[in-house]
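Residues per chain are reported as follows:
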Amino acid sequence: MTGTLAPLQRDNEIDLGELLGTLRDHKWFIVRITALFVVLGIIYAITATPVYQATSTAQVEQKVPDLPGLSALSQTLGASDPEASTQSALITSRMVVGAVVDKLKLTIESSPERFPVFGNVIAHLYASHNRGQLAAPWFGMIGYDWGGAKLDVFQLDVPDGLLDKPLTLIAGEHGGYVLVDDDDNILVTGKAGESASGHGVTMQVQTLTANPGTRFRVVRHRRLTVTNQLRKAIKVNEQAKDSGILDMTYDNTNPVLAAAVLGDVGELYVRQDVERNSAEAANSLQFVREQLPKVRSQLEQATAALNAYQLKAHSVDISMQTQALLNQEVAIQTNIQQLRLQQADMQRQYTPAHPAYKALMQQIGQLEAKKGAIDKQVGNLPNTQQELLKLTRDVQVSNDTYTGLLNQAQQLDIARAGTVGNVRIIDKAAVDITQPIWPKKTIVVLGSAFLGGFVALLCVFIRQALNRGIEDPAVIENLGLPVYASIPVSLREQALHDKHVRGYGKQRLLVMDAPADMATEALRSLRTSLHFARLEAKNNVLMITGSSPDVGKTFVSANLATLVAQGSQRVLLIDGDMRMGTLHKIMGCPAETGLSELIAGQADLDAVVRPIASSGNLHFISRGKIPPNPSELLMNSRFSTLIDHVRKAFDLVIIDTPPILAVTDAAIIGHHVGTALMVVRFGLNQAREIALARQRFEQNNIPLRGAIFNAVEKRSSGYYSYAYYGVGNAAG
């Protein structure tokens, strides 16, 4: 019991030596995959269309000083200048980017059709060495551009059903062209420099340089789609926090277009920033001018009331105590009056719930509270002094407010005329055409090598994880089955196996074709081991079976029989697999007239036993025609009689049987044999499968003598660790 648990416990541990051994064993696979990825990376680095980056730098300055007369308002509101992050969002707004899309006509996309894979490389190489020239078509393929073709579409209006759908423009003679849809229906026929219409499409081609027959892909995109894509493509980043320096970048395969897009974005944003500041000054000026007549009227009314009271009271003078209260109240009332004006201006921009509006109202409330305290003091004065203070206060407050508004109107008028923005372009958009940002050849090649190595390692470890077949003969022995021989993979046997699959007509035995092969030597070792094992067997009948198909039992049976026959013993080889037996192909004999006919009584023994010419001591019985009931035939008494007869007539009888876990044939045959061996193939058969097959034999009272470890090769991960190559020894 302890022996069976040891391998399972070891499987749950990570063996570093085994991992390194696995890598060494698959080193050439890893090298090949990595090399393939490197080659693909080099091809991509050479053929990929270069991407260029336009760069520009802008500075967001502190707002040029606050508009005259509005500084108090800014301080009251606690307002601050927009941060660079806010400016970044404004730069890539639809207002700015959309205007660039319209100016550069980015909703119209046109490109020449080029030969697949290498067409772009050919065209770029030609254009770089022959600027302004047009390449002749290669091999008569006039539909492709081979370099120098150019199409500039000034206008393209299409119905909604054709938006974002590719159309094809076919160049003609002398600047003529034809525009067709996907079904080759002609939409427009025109000439460069002239407007043409048809089928709801209006098109004007500004420039067309191409060989007649060259095809161009033309698409009219939706404006919003192009705008949103361009907004995402333009990157704006602040160099350092609160530095106000913004770096703008835009990538495109066309360096001229990249510089034009980024340059126009900066120019349009600076322009709208100036216009916005000028509009603020104009709006404030309009508001001040609207308030001047009202304040002037209030001043006139207050002055008239004061004069009338003084005449009535015969020029009453203000006492010193009243004068002090008057000065305080005038200052407070003047501030309140200014804040009320600012409140009226703010109501056009903010709602009452806005924090800035709430802050303004809070300040007004504080001033009103101070004014209320002074009013209480005024209430203690004589009635004459109270009335005189009130009228004098109204005159002074109105006069101060009117004078301030006049000054503010003059300053705002000057500010409106001379307004500048708080954003300026430091470095205009530029592109270094000698250094495309992509592809970076070194990075691509190194990345391809890394990716190739990673994929190769992943494949190796996944295959290792999924392949839970037996990899160590010790596992088989722990299951209670002695390993009689480990037969290595032979390249020669692999070639013979391929011929074996294609048909019969010639013997394809490894021991005859390559007697010095390592697999042949292993089979000789098996022959020696069997010689001593048979001494304790009840008869000289040997059964070669397996737990599943394709383990190599047919290969072992045929070659082992040949080796024993070479030792001057009369051997009979029987193909007991009447379902899918292929021994006749290896032995170079037809399958008809064999075991199935013999058991069914349709042929006698002399007719089915065939001597093998290459070995006078070897005889062979093929499977015969495939019967509908192989198991029932094997249970017939004729089969028992056959075994009793041949074991006396031959020194050794070897029977190749079907897999024990697939059908019951091996269990039936096993009752007639003296020795039973099971072929186990490395990497294919699992430990549980072998244990189940052994249990199946025990349930049928058939002693399983041992196992033959087939298709093995020395590995780095352990002395007895081998790899399964998928096609090694012949399967049977």
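In case you missed it, the structure is sitting above this.
Residues numbered from 1 in each chain as written. Predicted model: local features only at pLDDT ≥ 70, side-chain atom pairs only at ≥ 80, totals over all residues. Heavy atoms only, no water.

Caption draft 1: Quick look at the overall build of the chain. Per the secondary structure count, the chain includes 25 helices and 22 strands. Counting only residues that meet the buried cut, the chain has 45% of its 732 residues in that class. Sequence separation of at least 24 residues holds for 79% of the intrachain contacts in the chain that already meet a minimum separation of 6. A total of about 37,300 Å² of accessible surface is found on the chain, and carbon and sulfur atoms cover 54% of it. (Helix = DSSP H or I, 4+ residues; strand = E, 2+ residues; numbered from the N terminus. Buried < 20%, exposed > 50% of the residue type's maximum accessible area, 1.4 Å probe, protein only. Contact = heavy atoms within 4.5 Å. Areas by Shrake-Rupley, 256 points an atom, 1.4 Å probe, with all protein chains shown as cover.)

Caption draft 2: Representation of the pattern of salt bridges. For the structure on display, the rule yields 13 salt bridges. Ionic pairing is found between Arg 215 and Glu 113, a salt bridge with its closest N-O pair at 3.9 Å. Of this pair, Arg 215 sits in strand β9 (residues 215-220) while Glu 113 sits in the loop between β2 (108-112) and α7 (119-129), and the two are 102 residues apart along the sequence. Judged by its relative accessible area of 26%, Arg 215 falls in the partly exposed class. The residue Glu 698 makes a salt bridge to Arg 694 at a minimum N-O spacing of 3.2 Å. Linking Glu 698 with Arg 694, this pair stays in helix α25 (residues 687-699), spanning 4 residues, or about one helical turn. Glu 698 sits in the partly exposed class, given a relative accessible area of 45%. Given the relative accessible area of 27%, Arg 694 is considered partly exposed. (Salt bridge = Lys/Arg side-chain N within 4 Å of Asp/Glu carboxyl O.)

Caption draft 3: Representation of the sheet that holds strand β1 (residues 52-60) in the model. If you walk across this open sheet you meet the 4 strands as β10-β11-β1-β12, and the pairing is antiparallel. Edge positions in the sheet fall to β10 (235-238) and β12 (423-431), since each of these pairs with one other strand and no more. Along the sheet, successive strands turn relative to each other by an average axial angle of 20 degrees, direction set aside. Alignment of β1 against strand β11 (residues 245-252), held across 8 bridges, turns out to be antiparallel. Paired with Ala 54 across the two strands is Tyr 250, which belongs to β11. (Pairing = 2+ DSSP bridges. Axes fitted to C-alpha atoms, helices over the stretch in contact; angles between N-to-C directions.)

Caption draft 4: Structural detail: the pairing of strand β7 (residues 195-198). What you see with β7 is a clean split: Ala 196 and Gly 198 sit on the buried side and Ser 195 and Ser 197 on the side with no burial. Of the pairings in the sheet, the one linking β7 to strand β8 (residues 201-209) comprises 4 bridges and is antiparallel in character. Paired with Ser 195 across the two strands is Gln 204, which belongs to β8. Joining the antiparallel neighbours β7 and β8 is a turn of 2 residues, in which His 199 adopts a positive phi near 55 degrees.

Caption draft 5: Quick look at the sheet that holds strand β20 (residues 706-712). Read across the sheet, 8 strands follow the order β13-β20-β19-β14-β18-β15-β17-β16 without closing on themselves; strand pairing throughout is mixed. Only two strands of the sheet have a single neighbouring strand rather than two, namely β13 (483-488) and β16 (610-611). Across 4 bridges, strand β14 (residues 541-546) lies against strand β18 (residues 652-656) in parallel orientation. In the strand pairing of β18, Val 541 is matched with Val 653. Against the sheet, helix α17 (residues 518-533) contacts β13, β14, β19 (675-681) and β20, and its axis sits at roughly 170 degrees relative to β13.

Caption draft 6: Highlighting the side chain of Asn 685. One can find Asn 685 in the loop between β19 and α25. A relative accessible area of 0% places Asn 685 in the buried class. At 3.2 Å, the side chain of Asn 685 forms a polar contact with the side chain of Ser 547. Within the local environment of Asn 685, its side chain forms a polar contact with the side chain of Glu 689, the two groups lying 3.0 Å apart. When near neighbours in sequence (up to four residues on either side) are disregarded, Asn 685 contacts Gly 469, Ile 470, Ser 547, Ser 548, Val 551, Val 679, Val 680 and Ile 690. (Polar contact = N/O pair within 3.5 Å; in protein donor to acceptor, adjacent residues only side chain to side chain.)

Caption draft 7: Geometry of the packing of helix α3 (residues 27-47) against helix α13 (residues 441-466). Two elements in contact, α3 and α13, have axes whose closest approach is 8 Å; the angle formed by their N-to-C orientations is 150 degrees. The pairing of α3 with α13 is recorded here as roughly antiparallel in orientation. For α3 against α13, the interelement crossing comes out right-handed. Taken together, the residues of the contact of α3 with α13 break down into 17 nonpolar, 5 polar and 1 charged. (Parallel < 35°, antiparallel > 145°, perpendicular 65-115°, else oblique. Left-handed = near helix turned anticlockwise from the far one by under 90°. Nonpolar A, V, L, I, M, F, W, Y, C, P; charged D, E, K, R; others polar.)

Caption draft 8: Looking closely at a nonpolar patch on the surface. Side chains of Phe 450, Leu 451, Phe 454, Leu 458, Ile 462 and Leu 466 sit close together on the surface and give an oily, nonpolar patch of about 650 Å² of accessible area. With respect to the secondary-structure elements, Leu 458 resides in helix α13. (Patch = residues over 30% accessible without salt bridge, like charges linked within 9 Å, V, L, I, M, F, W, Y side chains within 5 Å.)

Caption draft 9: The arrangement of the packing of aromatic side chains in detail. Tallied over the full model, the rule gives 6 aromatic pairs. Where Trp 138 meets Trp 146, the ring centres are 5.2 Å apart and the plane angle is 5 degrees; that geometry is what we call stacked. For Trp 138, a relative accessible area of 39% puts it in the partly exposed group. Owing to a relative accessible area of 3%, Trp 146 belongs among the buried residues under this scheme. The aromatic ring of Phe 154 is capped on one face by Lys 105, whose charged end is 4.3 Å from the ring centroid. (Phe/Tyr/Trp six-rings, centres within 6.5 Å; stacked < 30°, edge-to-face > 60°. Lys NZ or Arg CZ within 6 Å of the ring centre and 35° of its normal.)

Caption draft 10: Structural context of the environment of Val 100. As for its position among the elements, Val 100 is in helix α6 (residues 94-104). Between the C-alpha atoms of Val 100 and Val 265, which are 165 residues apart in sequence, the distance is 6.3 Å. Not counting the four nearest positions on each side in its chain, Val 100 is found in contact with Val 261, Asp 264, Val 265 and Leu 268.

Caption draft 11: Quick look at α25. Relative to the 18 Å expected for 13 residues at 1.5 Å per residue, α25 spans 18 Å between its end C-alpha atoms, a close match to the ideal helical length. Among the residues of α25, Glu 689, Ile 690, Ala 693 and Phe 697 are the ones counted as buried. Down the axis of α25, the sector holding all buried residues measures 100 degrees, keeping them to one side. Facing away from the buried side of α25 by over 90 degrees, the exposed positions are Arg 688 and Gln 699. Taken together, the buried residues of α25 touch β14, α24 (665-670) and β19. Immediately downstream of α25, the backbone of Asn 701 shows phi near 60 degrees, a positive value. (Expected span 1.5 Å × (residues − 1). Arc of directions from axis to C-beta.)

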